[in-house]
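Residue-level listing of the chains:
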Amino acid sequence: MAHVPQWVRDLTPSGPQGSEILAQERDGSAVNVDQLKTFLFGQEALQRKQKVLKVLQSEKVFEKSQDYFEGRTDKFERALARAKKLRQLTVKHGWNETEQRSANDLISEPLPYGLHEGMYLKTLRDQGTPEQHEKYLKFAEAYQHIGCYAQTELGHGSNVRGLETTATWNSDDKTFTIHSPHLTASKWWIGSLGKMANHASVMAQLIIDGKSYGPHPFVVQIRDLKTHELLPNINAGDIGPKFGYNTMDNGFLLFNHVKVPHIAMLAKFSAVDPKTNRYLKPSSPTLVYGTLTWVRSTIVLQSGSVLARGVTIATRYLAVRRQFQDRDAPEWQLGENQTLNYTMVQIRLLPLLATCFALHFTGKGMMALYEANQKKMSQRSSKEQQELRGAGPEETQSGSDLLADLHGTSCGLKSLCSQTAAEGLEACRRAMGGHGYSAFSGVGHWFLDYVPTCTWEGDNYMLTQQVARYLLKSARSVLKGNEPNNDTTEILSHYLKRQDVGAAFDILGKDEDLVAAFAWRSAYFIFEALRQRDELKQSWNSLLVQFYKLSRAHSQYLVVKNFYETLQSPSISSELDQETLTLMHKLFRLYALHTLESESSEFFTSSACTVSQIRLARTKAVMQLLEEIRPHAIRLVDSWDFPDFQLNSSLGRYDGKVYEDMFYRASELNPLNRITVDPYPENATLFKKDESRQLKGKL
Amino acid sequence: MSQPDFSANLKPHPQANGAATLAKERQQSSFDTNAISKHLFGDAYLERQARILKIVTAEKVFSKTNQANLSRPDRYKLGLARGKRLRQLMNEHNWNDDDFLMAEWLVDDVLPHHLNISLFKSAILEQCNEEQRAYWYPKLQAWEIIGAYAQTELGHGSNVRGLEATATWDHQTKEFVLHSPTLTASKWWNGTLGRTATHCVFVAQLRIPKRAGSEEFHSYGPHPFIMRVRDERTHKPMEGIIVGDIGPKYGYAPMDNAYMLLNQYRVPHDALLSRYATVNRETGEYVKPKNTGAMYGQLTRGRSQIVMNARLVLARAVTVAVRYLSIRRQFRDQDASDQFALEEQVLNYSTVQIRVLPLLASAFALHYSGAAMQELYERTRGADAQKESALNGLQELHFTSAGLKSLTTEMAADGIETCRRAMGGHGFGGGTGLIQLNNDYLSKPTVEGDNWMITQQVARYLLKKVKDLSTASRSTTASRLDASLARFREHSKSPPQLSGLSDARSILEAFEWRTAFLAFEAYESREVKKLPWNSLLVEFRNLSRAHTQAMLVVYFYEGLRGLDALPSSTKAVLWDLFRLFSLSTIEKDAWQFQRSGAVATKTLDQLPKEVLALMQRIRPHAVRVVDSFALPDYLLNSDLGRSDGKVYESLFHRAHVENPLNRITFNPRYWEDELVMGSKDGGQILSKL
Ligand SMILES: Cc1cc2nc3c(=O)[nH]c(=O)nc-3n(C[C@H](O)[C@H](O)[C@H](O)COP(=O)(O)OP(=O)(O)OC[C@H]3O[C@@H](n4cnc5c(N)ncnc54)[C@H](O)[C@@H]3O)c2cc1C
Ligand SMILES: Cc1cc2nc3c(=O)[nH]c(=O)nc-3n(C[C@H](O)[C@H](O)[C@H](O)COP(=O)(O)OP(=O)(O)OC[C@H]3O[C@@H](n4cnc5c(N)ncnc54)[C@H](O)[C@@H]3O)c2cc1C
């Protein structure tokens, strides 16, 4: 539809224009958006974003208008062009890591260098010796080596100890032989491997003299540095189209007796002594818990913004979208009702809006704890440090360790927050009715790219077993009479003291009681699970569902607590004006009461609340809060500060020109294993060889 | 790939032998798969499935191998080729409509021609007067014309009365002038119309000038008009029409959903489909619709089809999940003493079971509900038609079927995603066979009545029922719903407080009690306290949900009660599924059951254990139960859900061996192979992509 006749160009949407509606909405609320924005993200981050945004917007390759139309191959090719350009800009402007991350957020699609930057470099840095840094890291930092992190296999993901790829030590020539004995040993899902990487950090079972020592990391070159063709006895490629993440070349990788030198085994923690052919034990086997905790805390922190993106789009659109007259509206009142005014729409959307804040504050809280802990640890003597780190959460004594607490709770929060964000995005999409199903809503593809977060870094269901294990351990310690020394043991011992007296929390009247009710419910279910496991000797497997619920209950408590504490912080009244602060309290209550209401039977069973409290929470308090928050909804989502560039959404536009943009995109914008790519950022060439057309022909 | 391919000789690890695992699973259960297939689908259906399957799998254009890689325009093109070929096959094999629909279901791609055989066709059948039907119906059946249904606009979907397109009677010329006055009046979302259709039913506000030539009008609300959209020969849009495809969506890639604007487009007098209402050609007077009550049946039938489809969709997701998760092994059991034991089948973990097995049970609940709806519809058409009870039943079903549409499409949509996620990493990959299913099916909660919005219809009906109960005397034709409301009113002080979990009838009673409790509560809020409608929407949805769940439980129960001929071990599994469905539903809404006094608190505390026990009992039969859904591998198109269990081989093969639209005018005529109008491409998408 190239030619658009004048009579079409002359048409405008009927009724009040979207831009007028949003302007009115913004007039109707006194929330100080700039202040709230700064409170959420800090001045520095906001300025950084604007600076980076300006650079990106001046580059044609980041223009997104064609993104939604492309097939897999074109998508990937475009993503590659973007990745290269981003790398060039990073070098040119001397961007640091936070600036790069900001750029990634704004581009907001997985880019093909993702795993090189996120995992390969990190693995080399964290697990390599100085010689290995010289041999590998130097080249990787210059993007001459492009790497990936190859752990998961076709047959094993969650169970890393079950990996099948072997690395057998050859004492005669001091090499390792990397080999895939079965088809299920094929590396699988590995990001940046399919088309991009010329190196891989491969997790393989170390075998010395017929004895296995468990999975260890090896650096293996897989493609020729000039031709980018696979090296002999290596078979690798892209695993094909996925639910989302289609701009990433997740790959498979098989080895046929490939020899690598002794230096290929990353040896900071454990190694093979080439002289004695003996295995050198890791000095600090659980150092990784620190990293994992950091990664999971990041997921928690991001989950707020991830969800806020969907909530921003849905809130703006549903304010503009008008449908039906209110059934009780007086005769004289013409015009249709904004769909955002229907309580049926509000109950899906506004609690999610409150959730965005809750998750964000929780993530910030986790990060602060993590950093405080890192600082403390680095101040202690290295000996002490080793003792502390030496034990994983399963082995720690009596939950005395802050890191163990942080690790345990970060697993539960990762599970809860990523799930909440993913499901919340889909709820936003569905709340938008028909137009929510259009790619131009901007929510669908965002959900699809985000949802694997529920699976990676620990499957959300699996992780809850670790949480339960940690909580049970803490409960045992409290039962033994040990002094509480972290928040978890404190709520447990508080519960023990009070369990015969009862709770009697004023959940509707006092915010601190609301938090206490969440703590009570969590403690009740922890002791209940402990009884089942220790007294009734129930099998582990029969308790998994209970563990899952337990982890969820405890994590919800943590979110409520973090939100509450954020609002209690001494500095807050200088950062937010009274009106905005009052509104934040309402959002806190909405999150907490709505959660309580959705889990009402647990609150009831644990006697954290009475039946009539729950009923009042539902029919009175929540409904009232919806009404009170509704007028501020647009300004509240504005404060999440998403540039239109990032949203790439017709429905979520800041200016409310929903219909014009839908129509414009529809009428005027509407138009990988056979490819050898050139992955180096300084070269303009994208594909060295493109035979995809031929493949396409053989449908 | 010049080097020798060493991967060709690799086999999965011995413990990952899917074929052996499935064989063992099938051997350990005596669930009578064949008998249940017949029971669920009937011989005719299964025969049809086998017959059509053979035909479509023999044609290259229906191969699904590479479609997930294609760009949007290429997906459209492929869909077009498929639509044409299917219609050709219909002629070659003398297929009836059911055969064609079976083929479409198996090919599992929405056809760009689809609206011609769905909404357009039913509009022609339902809205035309006899003359109109005689003219149009044969043309659409022969695909001489391809029709679409243009109701929804950019600005309005749910609120049909708010449509902006106008149809103004011009008495002088005896024509209607169809027009789009604003941008938001643009038709939007209308399938088949974007590129494919030649005609459409256009829904517009009928206006008749108050006097000849007057600019003041009487408005009569939305009415259907049939109109030509594109030129027969060139397939270009007619003068005064702007039409195109609205672009990519979450799913539905091959479908050309449309936007369309009309600029004073004239159609003749008989373009107004006038079975119900018409405009007198001579006087220009509006002739009111005759009794429109006759529509109950159609709507109920349509909704029963949605429920039956939701059943199959759920069955499909669960089939893939159960097969894959029984083959997938991960970790040794924590409590296992033997360190050389095989890793555990992940389907044995209770956190996996709790996500998948209740969905398996749900598929049966949906089956019996859909079947009961169909039966009721048939009964009112057959000999019993005149019986008041049947008509009453149909009327009730008409009002409450909105709740079934809402709940069952949501169960299926959420169920696909739950199964997909339960499968871990591979669930995210192209080999699940659930990706396109998810993408396509997720339109269902919105289309044909937004799932949240339409629950108001059910609530309205239940409010009226409660009201009738308090005013009118007992009717002799009381439905089950009437009876349960009356029971509640009489015994509201002594709730059932269900204490055992084994008696199926008391489970039904608990469900019905909850509905009645919520219905009376809503009645109190609206009719007594006069609270605003808007403040009660959330309660209304809960009420609709509760009532619909009660219907599902009742239909499930009655469906099983009628089973005689089956082996008792097989029946026992079905009853366990019934109990798993009911109890896990209660557990999710425990609070409502508790609050209403339907179930005793003590009983609620026992539920989790009982649900676990039921899952343990069902687990050994899971593979055989999903086998009974008889879904062909070709339909599933899933490496993970293959009936032969060769999961890993097939995933690897897919990865290793087997990877733009409005500027083009397409040729939609099935008898011509050409796809791009005037290109003489002879149907060769395969060479030019
Ligand atoms: C888009 C994407 C990108 C990825 N990128 C990478 C990468 O770059 N590098 C890399 O190495 N990996 C990568 N992965 C792999 C990812 O880390 C794994 O998929 C993830 O760890 C889950 O493992 P799995 O697939 O084996 O799931 P499985 O363990 O097979 O899970 C299947 C089901 O079994 C359940 N289950 C398993 N074990 C238990 C148990 N003990 N108790 C109870 N339930 C259990 C799970 O809850 C789940 O429901 C990626 C995955 C995806 C989807
Ligand atoms: C894939 C697809 C195919 C389609 N095919 C066709 C077709 O062939 N022909 C055609 O004419 N149309 C078609 N449609 C349009 C479809 O029928 C509408 O999208 C659908 O009816 C929903 O209407 P809407 O989009 O206006 O939603 P809206 O009404 O805008 O809904 C937005 C939100 O507001 C809420 N809401 C609206 N009104 C109320 C109320 N009174 N009370 C409480 N809440 C309310 C809804 O619950 C929803 O959450 C198609 C749509 C899709 C997605």
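Because the structure is a prediction, the values reported are computed rather than measured.

1. Remarks on the overall build of chain B
Link 1 in the chain: A tally of regular secondary structure across chain B gives 22 helices and 11 strands.
Link 2 in the chain: For 689 residues, the compact-globule estimate of 2.2 N^0.38 gives 26 Å, and chain B sits close to it at 28 Å.
Link 3 in the chain: Dimensions along the principal axes, computed over C-alpha positions, put chain B at roughly 90 × 85 × 45 Å.
Link 4 in the chain: Per-residue burial over chain B gives 62% buried out of 689 residues.
Link 5 in the chain: As displayed, chain B has an accessible area near 26500 Å², and 50% of this comes from carbon and sulfur atoms.

2. Here's the deal with the overall build of chain A
Link 1 in the chain: When helices and strands are tallied, chain A shows 26 helices and 13 strands.
Link 2 in the chain: Against the compact-globule benchmark of 27 Å for 699 residues, chain A has a radius of gyration of 27 Å, which places it among compact chains.
Link 3 in the chain: Out of the 699 residues belonging to chain A, those deemed buried represent 61%.
Link 4 in the chain: With an accessible surface of roughly 26300 Å², chain A has 51% of that area assigned to carbon and sulfur atoms.
Link 5 in the chain: Across chain A, 81 positive and 78 negative side-chain charges occur, with their mean positions spaced 4 Å apart.

3. Things to note about the nonpolar core
Link 1 in the chain: Counting residues in hydrophobic clusters, the biggest one holds 359 residues, and the most contacted among them are F357 of chain A together with M227 of chain B.
Link 2 in the chain: Examining the composition of this core, we find that 15 residues originate from one element, helix α10 (residues 343–379) of chain A, more than from any other.
Link 3 in the chain: Apart from the residues lying within four places of it in its own chain, the contact partners of M227 of chain B are L178, T198, H199, C200, F202, I241, M260, L262, Y265 and V267 of chain B.
Link 4 in the chain: Within the second largest apolar cluster, 35 residues are counted, among which are Y120, V202, A204 and F218 of chain A.

4. Quick notes on the sheet that holds strand β8 (residues 251–255) of chain A
Pairing between sheet strands relies on hydrogen bonds along the backbone, with the strands arranged either parallel or antiparallel.
Link 1 in the chain: An order of β4-β8-β7 (chain A) is seen for the 3 strands of this open sheet, with the pairing classed as antiparallel. This sheet does not close on itself; its edge strands, each paired only once, are β4 (187–190) and β7 (234–238) of chain A. Averaged over all neighbouring strand pairs, the angle between strand axes comes to 15 degrees, with direction disregarded.
Link 2 in the chain: The sheet contact formed by β7 of chain A and β8 of chain A spans 5 bridges and is antiparallel. Bridge pairing in β8 of chain A places G237 of chain A opposite F252 of chain A.
Link 3 in the chain: Running over the sheet, helix α21 (residues 647–656) of chain B touches β4, β7 and β8 of chain A and is turned about 105 degrees from β8 of chain A.

5. Here's the deal with the confidence of the model for chain A
One rule of thumb: low pLDDT means the predicted coordinates there are not for detailed reading.
Residue and element names in this part refer to chain A.
Link 1 in the chain: Scored by pLDDT, chain A comes out at a mean of 89, with 90% of its residues at no less than 70.
Link 2 in the chain: Scored below 50 in pLDDT, residues 381–400 shows 33 contacts in the model against residues more than four places distant or in partner chains.
Link 3 in the chain: Residue range residues 694–699 is modelled with pLDDT below 50. Its contacts to residues more than four positions away, or to other chains, number 14 contacts.

6. Observations concerning the pattern of salt bridges
Pairs can form between side chains of opposite charge once their charged atoms are near each other.
Link 1 in the chain: Inspection of the entire model under this criterion finds 71 salt bridges over all chains.
Link 2 in the chain: Its salt-bridge partner being R421 of chain B, residue E423 of chain A comes within 3.2 Å of it at the nearest N-O pair. One end of the pair, E423 of chain A, is in helix α12 (residues 402–431); the other, R421 of chain B, is in helix α10 (residues 388–422), on a second chain.
Link 3 in the chain: Assessed through its relative accessible area of 41%, E423 of chain A is described here as partly exposed.
Link 4 in the chain: One salt-bridge network, held together by shared partners, links D34, K37, K49 and D641 of chain A.

7. Section: helix α3 (residues 72–93) of chain B
Link 1 in the chain: Under the 1.5 Å per step criterion, the end-to-end length of α3 of chain B is 31 Å for 22 residues, consistent within 8% with the ideal 32 Å.
Link 2 in the chain: Judged by how many residues are buried, α3 of chain B sits mostly within the fold: 19 of 22 residues are covered.

8. Description of the confidence of the model for chain B
Residue and element names in this part refer to chain B.
Link 1 in the chain: With 91% of its residues at a pLDDT of at least 70, chain B reaches an overall mean of 89.
Link 2 in the chain: Scored below 50 in pLDDT, residues 685–689 shows 17 contacts in the model against residues more than four places distant or in partner chains.
Link 3 in the chain: The ipTM assigned to the predicted complex is 0.87, against a pTM of 0.91.

9. Details of the packing of aromatic side chains
Link 1 in the chain: Per the counting criterion, the structure on display carries 51 aromatic pairs over all chains.
Link 2 in the chain: With centroids separated by 5.9 Å and ring planes inclined at 65 degrees, the aromatic side chains of F39 of chain A and F361 of chain A adopt a geometry described as edge-to-face. Highlighted residues: F39 of chain A in helix α3 (residues 33–41) and F361 of chain A in helix α10, separated in sequence by 322 residues. When sorted by exposure, F39 of chain A lands in the same class as F361 of chain A, which is buried.
Link 3 in the chain: Put simply, the rings of F39, F41, F357, F361, F563, Y564, F588 and W640 of chain A pair up and form one aromatic cluster.
Link 4 in the chain: Over the face of the ring belonging to Y461 of chain A we find R355 of chain B, whose NZ or CZ atom lies 3.4 Å from the ring centre.

10. Notes on the site of ligand 1
Link 1 in the chain: Around ligand 1, 32 residues are found, and the nearest of them are T152, S158 and D459 of chain A together with R328 and A422 of chain B.
Link 2 in the chain: Around ligand 1 the close residues trace back to chains A and B.
Link 3 in the chain: Take G157 of chain A: an N or O atom from its main chain is 2.9 Å from an oxygen atom of ligand 1.
Link 4 in the chain: Between ligand 1 and G191 of chain A there is a distance of 3.0 Å, counted from an oxygen atom to a backbone nitrogen or oxygen.
Link 5 in the chain: Alone, ligand 1 offers 980 Å² of accessible surface; in the complex the protein occludes 93% of this.
Link 6 in the chain: Those elements giving two or more residues to the shell around ligand 1 turn out to be β4 and α15 (460–479) of chain A together with α9 (350–381) of chain B.

11. What about the interface of chain B and chain A?
Link 1 in the chain: Each partner contributes to the interface: chain B provides 124 residues, whereas chain A provides 121 residues.
Link 2 in the chain: If you look at where chain B meets chain A, you find 3 salt bridges.
Link 3 in the chain: Put simply, chain B and chain A have 40 residue pairs in polar contact (both at pLDDT 80 or more) between them.
Link 4 in the chain: For the side of chain B that touches chain A, the class distribution of residues is 50 nonpolar, 45 polar and 29 charged.

12. With respect to the UniProt feature "domain: Acyl-coenzyme A oxidase N-terminal" (unreviewed entry) in chain A
Link 1 in the chain: With numbering aligned to this structure, UniProt lists the feature "domain: Acyl-coenzyme A oxidase N-terminal" (unreviewed entry) at residues 32–145 of chain A.
Link 2 in the chain: The annotated region residues 32–145 of chain A carries 73% helix and 0% strand content, and the separation between its end C-alpha atoms amounts to 48 Å.

Procedures and definitions
Residues numbered from 1 in each chain as written. Chains lettered and ligands numbered in written order. Predicted model: local features only at pLDDT ≥ 70, side-chain atom pairs only at ≥ 80, totals over all residues. Heavy atoms only, no water. Helix = DSSP H or I, 4+ residues; strand = E, 2+ residues; numbered from the N terminus. Rg over C-alpha atoms; globule rule 2.2 N^0.38 Å. Buried < 20%, exposed > 50% of the residue type's maximum accessible area, 1.4 Å probe, protein only. Areas by Shrake-Rupley, 256 points an atom, 1.4 Å probe, with all protein chains shown as cover. Lys, Arg positive; Asp, Glu negative; His and termini not counted. Charge placed at Lys NZ, Arg CZ, Asp CG, Glu CD. Core = buried A, V, L, I, M, F, W, Y, C linked by side-chain atoms within 4.5 Å. Contact = heavy atoms within 4.5 Å. Pairing = 2+ DSSP bridges. Axes fitted to C-alpha atoms, helices over the stretch in contact; angles between N-to-C directions. pLDDT = per-residue confidence, 0-100. Salt bridge = Lys/Arg side-chain N within 4 Å of Asp/Glu carboxyl O. Expected span 1.5 Å × (residues − 1). Phe/Tyr/Trp six-rings, centres within 6.5 Å; stacked < 30°, edge-to-face > 60°. Lys NZ or Arg CZ within 6 Å of the ring centre and 35° of its normal. Near = heavy atom within 4 Å. Polar contact = N/O pair within 3.5 Å; in protein donor to acceptor, adjacent residues only side chain to side chain. Nonpolar A, V, L, I, M, F, W, Y, C, P; charged D, E, K, R; others polar. UniProt positions renumbered as here; feature names shortened; annotations may be inferred.

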